[in-house]
Amino acid sequence: MLSNGVKRELTWLIGIVWLTVALSWITEAWTFWFVLLGCGYVVRHLWSMHRFEKWMQGDIDIHEPSSGLWSELCYLVSRKQRALEKHAELNFYRSEQFKAASMLLPAAVISVDKKNAIEWLNDQALDMLGLRAQDKGLRLEYVIRNPEFLSYYKANHYQKPLTVRLNNARVFEFKVIPYFETHKLLIASDITDLYNIASIRRDFVANASHELRTPLTVLHGYLELMQDMPHDDQWSMPLEHMNNQTVRMSAIIEDLLTLSAMESDSIDAEFGPVDVPSILNPLMVEAEQLLTERHTLKFEIDESLTISGFAEPLKSVFTNLVSNAVRYSPEGGEICVKWYKENEFAYFCVSDEGLGIAPKHLPRLTERFYRVDKDRSRVTGGTGLGLAIVKHVLEKHGSYLEIESTLGQGSTFCCKFALKPSIN
Ligand code: ADP
């Protein structure tokens, strides 16, 4: 199929040939008419080409060749140009809409290009982060100089936001969202009030727990003394109950203090190489001495596998998971503890054939005082804080708890540690 332009041009050509033949036939001057009309045809093309070029360069406004190929070309180019203009207008409208919306956000928004230069920033970035409009075009590192922020930004791991206190004493949560493969959007929210409330809560829990420790120790001491002293039989049972409850309260207080220490980053331990087998071997002996009457315990430990981390907190992770497996398994169930290496990771897994957990509880298990079965937890001496501690310790090691469980069949709790870890 011929295109419209070529069809139009052919119509013209046939018209000219027809005219040439007619005029030549009437005047019998064939050569004259052929040369004249041929030259006219060529000149018309050259003129149209010249006008077209000028129009494309923008030197003349409208180019409307009378007919033929050039008219079609002009029409097509104008149509394409109109579509492009519409597209550009739409893009411009969208980007203006985005800018207007982000001006209303209660957060500082900064967009940076592939060279980390600031392309655009909203008014809140000026107010909250103390940036200036002239900072546009400067590299982000030159305008936000906080060392913690810089190492977070350079590390290129943006899964978790960064919380940091800037020089203006405000606490910000920074999120970095890469886009277009080369660009990044930085969103900073002022969370000072939330942060202060959280630290007041943390301090309150830590102080209250600390203050309760001494009176409870005194109470516990006296109760033990009273148990040892000659007393009426009717007091034996209440004294034993009271003693057990003080032991339980002490355990809750110790766990609350451990959690507070985790949250406030004041871990009483050094980050360094941890010989996990040397923690697990005594744990195995302890567990076997105490529990083998009721359960079968199986330990599979890679004796050469060590990791970097905080030794004491890790010990509490392993103890908590093994003790849970024992406490939530009926008599005779098998408990399997594994410490092994796979690819570049070390795994600590505890499987049991116990009660199992319904799927609806799984997301909430690591919340403080969350218990699937409150009565059983109390009877077995649980504080309701074990898995919350596990979660916090694992976070400090850049790890998390994976739980697989089937109600009535058993559970597997696994922690995965990178062999080249980083402190969080
Ligand atoms: P607790 O001191 O009550 O055991 P944890 O934080 O250690 O508190 O555990 C939270 C809840 O998770 C427990 O109350 C229990 O219902 C459930 N749970 C933990 N481990 C297991 C397990 N191995 N099998 C079944 N349920 C478990």
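Residues numbered from 1 in each chain as written. Predicted model: local features only at pLDDT ≥ 70, side-chain atom pairs only at ≥ 80, totals over all residues. Heavy atoms only, no water.

Colleague: Please explain the sheet that holds strand 10 (residues 345–352) as it appears in this structure.
Modeller: Strand pairing in a sheet relies on backbone hydrogen bonds. The paired strands run either parallel or antiparallel. The mixed open sheet is built from 5 strands, whose spatial order is 7-9-10-12-11. Edge positions in the sheet fall to strand 7 (296–301) and strand 11 (401–406), since each has one partner strand and no second. Averaged over all pairs of adjacent strands, the angle between their axes in this sheet comes to 10°, without regard to strand direction. Across 8 bridges, strand 10 lies against strand 12 (residues 410–418) in antiparallel orientation. (Pairing = 2+ DSSP bridges. Helix = DSSP H or I, 4+ residues; strand = E, 2+ residues; numbered from the N terminus. Axes fitted to C-alpha atoms, helices over the stretch in contact; angles between N-to-C directions.)

Colleague: Quick question: what am I supposed to make of the site of the ligand here?
Modeller: Near the ligand lie 20 residues; those nearest to it are Asn324, Tyr328, Ser377, Gly384 and Leu387. Residue Arg327 places a side-chain N or O atom 2.9 Å away from an oxygen atom belonging to the ligand. Contacts to the ligand include Gly386, whose backbone N or O atom sits 3.3 Å from an oxygen atom. In the complex, 98% of the free accessible area of the ligand, which totals 530 Å², lies under the protein chains. Mapped onto the shell around the ligand, the elements with two or more residues apiece are helix 10 (311–327), helix 12 (386–396) and strand 12. In terms of residue class, the shell around the ligand is made up of 9 nonpolar, 7 polar and 4 charged. (Near = heavy atom within 4 Å. Polar contact = N/O pair within 3.5 Å; in protein donor to acceptor, adjacent residues only side chain to side chain. Areas by Shrake-Rupley, 256 points an atom, 1.4 Å probe, with all protein chains shown as cover. Nonpolar A, V, L, I, M, F, W, Y, C, P; charged D, E, K, R; others polar.)

Colleague: It is not clear to me how the packing of aromatic side chains should be interpreted in this structure. Could you clarify?
Modeller: For any pair of aromatic rings, geometry is given as the distance between the ring centres together with the angle between the planes. Summed over all chains, the structure comprises 16 aromatic pairs. Geometrically, the ring pair formed by Phe32 and Trp33 is edge-to-face, given 5.0 Å between the ring centres and 70° between the ring planes. On the accessibility criterion, Phe32 (48% relative accessible area) is partly exposed. With a centroid separation of 5.0 Å and 55° between ring planes, the pair formed by Tyr179 and Phe180 is classed as tilted. An aromatic cluster of three or more residues is present, and its members are Phe149, Tyr152, Tyr153, Tyr158, Phe172 and Phe174. Between Arg44 and the ring centre of Trp12, over which it is positioned, the NZ or CZ distance is 4.0 Å. Between the NZ or CZ atom of Lys416 and the centre of the ring of Phe345, over which it lies, the distance is 4.5 Å. (Phe/Tyr/Trp six-rings, centres within 6.5 Å; stacked < 30°, edge-to-face > 60°. Buried < 20%, exposed > 50% of the residue type's maximum accessible area, 1.4 Å probe, protein only. Lys NZ or Arg CZ within 6 Å of the ring centre and 35° of its normal.)

Colleague: It is not clear to me how the packing of helix 8 (residues 236–263) against helix 12 should be interpreted in this structure. Could you clarify?
Modeller: Relative orientation and spacing of two packed helices are given, respectively, by the angle between their axes and the distance between those axes. Taken N-terminus to C-terminus, the directions of helix 8 and helix 12 make an angle of 25°; their axes are 10 Å apart at the nearest point. Between helix 8 and helix 12, the crossing angle belongs to the class labelled roughly parallel. The two elements helix 8 and helix 12 meet at a crossing, and its hand is left-handed. The residues of helix 12 that touch helix 8, namely those facing Asp255, Thr258, Leu259, Met262 and Glu263, are Gly386, Ala388, Ile389, His392, Val393 and Lys396. (Parallel < 35°, antiparallel > 145°, perpendicular 65-115°, else oblique. Left-handed = near helix turned anticlockwise from the far one by under 90°. Contact = heavy atoms within 4.5 Å.)

Colleague: Any chance you could explain the pattern of salt bridges here in plain terms?
Modeller: Between side chains of opposite charge, pairing is possible as soon as their charged atoms come close. Per the counting criterion, the structure on display carries 11 salt bridges. Across the salt bridge formed by Lys175 and Glu173, the nearest N and O atoms sit 3.7 Å from each other. The exposure class of Lys175 is partly exposed, given its relative accessible area of 38%. Judged by its relative accessible area of 21%, Glu173 falls in the partly exposed class. (Salt bridge = Lys/Arg side-chain N within 4 Å of Asp/Glu carboxyl O.)

Colleague: I'm lost on the state of the cysteines in this one. Help?
Modeller: A covalent bond between the sulfur atoms of two cysteines is referred to as a disulfide. Under the counting rule described, the total for this entry stands at 1 disulfide. There is a disulfide in this structure between Cys349 and Cys414, and the S-S distance comes to 1.9 Å. Classification of the bridge connecting Cys349 and Cys414 rests on its S-S torsion, roughly 105°, and on that basis the disulfide is right-handed. Taken as a pair, Cys349 in strand 10 and Cys414 in strand 12 lie far apart in primary sequence, 65 residues in all. In this pair, the class of Cys349 matches that of Cys414, namely buried. (Disulfide = S-S within 2.5 Å.)

Colleague: Hey, could you run me through the side chain of Ser102 in this one?
Modeller: Within the element layout of this structure, Ser102 appears in helix 3 (residues 69–104). On the accessibility criterion, Ser102 (3% relative accessible area) is buried. Setting aside residues up to four positions removed in sequence, Ser102 forms contacts with Val109, Trp120, Asn122 and Gln124.

Colleague: For this particular structure, what's the right way to read the domain arrangement of the chain?
Modeller: How large an interface is tends to be reported as the accessible area lost when its parts come together. For the chain, the assigned domains read domain 1 (4–83), domain 2 (105–190), domain 3 (194–263) and domain 4 (271–418). Domain 1 and domain 2 are separated by 60 Å when their C-alpha centres are compared. (Domains from an automatic or database assignment.)

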